[in-house]
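Below, each chain spelled out in residue letters.
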Amino acid sequence: MGTVRPGRRQGLHLDRPHEIARYDAAFADMWDTSLSEEASRSLLTNLAGTQGS
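Cut-offs applied
- Residues numbered from 1 in each chain as written.
- Predicted model: local features only at pLDDT ≥ 70, side-chain atom pairs only at ≥ 80, totals over all residues.
- Heavy atoms only, no water.
- Helix = DSSP H or I, 4+ residues; strand = E, 2+ residues; numbered from the N terminus.
- Buried < 20%, exposed > 50% of the residue type's maximum accessible area, 1.4 Å probe, protein only.
- Areas by Shrake-Rupley, 256 points an atom, 1.4 Å probe, with all protein chains shown as cover.
- Salt bridge = Lys/Arg side-chain N within 4 Å of Asp/Glu carboxyl O.
- Polar contact = N/O pair within 3.5 Å; in protein donor to acceptor, adjacent residues only side chain to side chain.
- Patch = residues over 30% accessible without salt bridge, like charges linked within 9 Å, V, L, I, M, F, W, Y side chains within 5 Å.

A. Local environment of the overall build of the protein. Broken down by element type, the protein carries 2 helices and 0 strands. Across the 53 residues that make up the protein, the buried fraction comes to 4%. If you sum the accessible surface of the protein, you get close to 4900 Å²; carbon and sulfur atoms cover 57% of it.

Printed below as a string of structure tokens:
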């Protein structure tokens, strides 16, 4: 994996193309399986409605 360099903020620095590709693939998978904005809103509205019952 990339290096973590101390500084004002620490973080993950990806230096190699295969490292970046792995994170790109993971993000694409999450994006592809996530709910749409409308479906997310509906789910949260329904969940909020069941909390009062």
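Don't stop here, the text continues.
B. Layout of the pattern of salt bridges. All chains considered together, the criterion is met by 2 salt bridges. Between Arg41 and Glu37 there is a salt bridge whose closest N-O contact spans 2.9 Å. In this pair, Arg41 and Glu37 are both assigned in helix H2 (residues 37–51), 4 residues apart and thus about one turn of the helix distant.

C. Region of the structure containing the environment of Ser36. You can see Ser36 is positioned in the loop between helix H1 (17–33) and H2. At a separation of 3.0 Å, a polar atom in the side chain of Ser36 contacts the main-chain amide nitrogen of Ala39.

D. Molecular detail of a nonpolar patch on the surface. Taken together, the side chains of Leu35, Leu43, Leu44 and Leu47 make up a nonpolar region of the molecular surface, amounting to roughly 380 Å² of accessible area. In this structure, Leu43 sits in helix H2. Look at Leu43 and you get partly exposed, because its relative accessible area is 40%.

E. Examining the environment of Ser34 more closely. Examined against the element boundaries, Ser34 turns out to sit in the loop between H1 and H2. Residue classification places Ser34 among the partly exposed residues on the basis of a relative accessible area of 43%. In this structure the side chain of Ser34 is engaged in a polar contact, spanning 2.9 Å, whose partner is the backbone oxygen of Trp31.

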